[in-house]
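# Structure at a glance
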Amino acid sequence: MNILGIETSCDDTAAAIINEKGEVLSNVLSSQTQFYKDYGGIVPEIASRKHAELIGYVIEEALKSANRTLNDLNLIAVTYGPGLIGSLLIGVEAAKAISFAKEIPLIGVNHLEGHIYSLFINNKPLNIERVEFPLLILIVSGGHTELVLMEEHIRYKLIGETRDDAAGEALDKFARALGFEYPGGPVIQKIGEKGDPSFFHFPRLSLKNPYEFSFSGLKTAGIYYLKKHEKELKTHLPDICASFEDALTDILVNRTLKAAKALKVKGIGIVGGVSANKRLRKKFKTRSKIPVYFPQKGFSTDNAAMIAINGLMHYKNGERSNLLLDAVSRLNL
Ligand code: AMP
Ligand code: MG
């Protein structure tokens, strides 16, 4: 089986081909970040235009590097939400056109489910057949910070989420206040690597509901600190970045581990862009008593392989989308 995955929910135009075992035959991504340097963030109108320009090339490249043609495809999986509506539409319409022209079944995939399934790409770190449920999943990205209880394949319960900013958003805004371009997470990580995380104690979260998050307080404290301590920026930038990242990762790790204990899960999966963060990975690995799983390198941030593998699971479950599949900007798990 050859499954084509298509992902255009935000600012990355991506296509991938996987086989029925979930092995990646090709994984192509065209990032648009270079276009947003002057804007300090993604511009939806530019994003959808770039998707429209790129989608054909990206799909063609995915087929070519997998040594396949459109005639070899058996299934198409496409992100239909959540995300930017104009961006989503480009992927959905491309997928529907190929599905119709080649008479190939179509599956609309929830982007967040796709992130969860990044844990099963190439059966690493988790084997799709032999995984032990329940798993607690932390989805942590630029737009989401959610705790999800995964009771079995393609069955989830939302346990809690952020009340305000997502963790990635707080990192991006803190980095922007420092004058760095989007995305801020990788920059903060790089500069903070040699810094002292105990240099300044940014506030950790105290929320009554143990399953909820909030990052706007930390973000504001971070930006306020930068304004108040301009002099220290010159001499202590790595320490300041490390301290901010330390607070943010403490919040994520402490709350997730508490939830995992209360829910008595067999393991924890961390997915989404921020799951690439080294400090976060290290803290989870050292503090958790149960196994913690992270996507393989390159599959934390948005990609189409995760969409393809989630589409395959829904297909095996007997589900099919039709040509009335529509993009949905706000979509829950
Ligand atoms: P996504 O929304 O899943 O595409 O992920 C993008 C988000 O992940 C942005 O907020 C980035 O700043 C963040 N991100 C990406 N890589 C890292 C990293 N190594 N450390 C922290 N945050 C990261
Ligand atoms: Mg994403």
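About the thresholds
- Residues numbered from 1 in each chain as written.
- Chains lettered and ligands numbered in written order.
- Predicted model: local features only at pLDDT ≥ 70, side-chain atom pairs only at ≥ 80, totals over all residues.
- Heavy atoms only, no water.
- Domains from an automatic or database assignment.
- Contact = heavy atoms within 4.5 Å.
- Buried area = accessible area lost by both parts, 1.4 Å probe.
- Salt bridge = Lys/Arg side-chain N within 4 Å of Asp/Glu carboxyl O.
- Polar contact = N/O pair within 3.5 Å; in protein donor to acceptor, adjacent residues only side chain to side chain.
- Helix = DSSP H or I, 4+ residues; strand = E, 2+ residues; numbered from the N terminus.
- Axes fitted to C-alpha atoms, helices over the stretch in contact; angles between N-to-C directions.
- Parallel < 35°, antiparallel > 145°, perpendicular 65-115°, else oblique.
- Left-handed = near helix turned anticlockwise from the far one by under 90°.
- Nonpolar A, V, L, I, M, F, W, Y, C, P; charged D, E, K, R; others polar.
- Buried < 20%, exposed > 50% of the residue type's maximum accessible area, 1.4 Å probe, protein only.

## Some words on the domain arrangement of the protein
Assigned domains of the protein: these are domain 1 (2-119 + 299-316) and domain 2 (127-294). Its C-alpha centre places domain 1 at a distance of 26 Å from the equivalent point of domain 2. Taken residue by residue, the interface counts 20 residues in domain 1 and 24 residues in domain 2. Of the roughly 1,800 Å² buried between domain 1 and domain 2, counting both surfaces, carbon and sulfur atoms make up 73%. If you sort the residues of domain 1 by the area they bury against domain 2, Ile 116, Leu 119 and Ser 300 come out on top, with a joint share of 31%. The tally of links from domain 1 across to domain 2 stands at 0 salt bridges. In this assembly, domain 1 and domain 2 are joined by 6 residue pairs in polar contact (both at pLDDT 80 or more). With 5 residues, the top contributor of residues to the side of domain 1 that touches domain 2 is helix H3 (residues 111-117).

## Comments concerning the packing of helix H7 (residues 230-263) against helix H8 (residues 278-287)
Pairs of packed helices are described in terms of their axes, by the angle between the two and the distance that separates them. Axis separation between H7 and H8 bottoms out at 9 Å; the angle between their running directions is 40 degrees. Between H7 and H8, the angle is such that the two are oblique. Note on packing geometry: the crossing formed by H7 with H8 is right-handed. On H8, the residues that touch Ala 242, Glu 245, Asp 246, Thr 249, Asp 250, Leu 252, Val 253, Asn 254, Thr 256 and Leu 257 of H7 are Arg 279, Leu 280, Lys 283, Phe 284 and Arg 287. Here the contact of H7 with H8 is composed, by residue class, of 6 nonpolar, 3 polar and 6 charged.

## Overview of the environment of Ala 221
Mapped onto the fold, Ala 221 is located in helix H6 (residues 216-228). Exposure remark for Ala 221: the relative accessible area of 24% places this residue in the partly exposed category. In this structure, the C-alpha to C-alpha distance between Ala 221 and Tyr 182, residues 39 residues apart in sequence, is 20 Å. The residues contacting Ala 221, other than those within four sequence positions of it, are Phe 202 and Pro 203.

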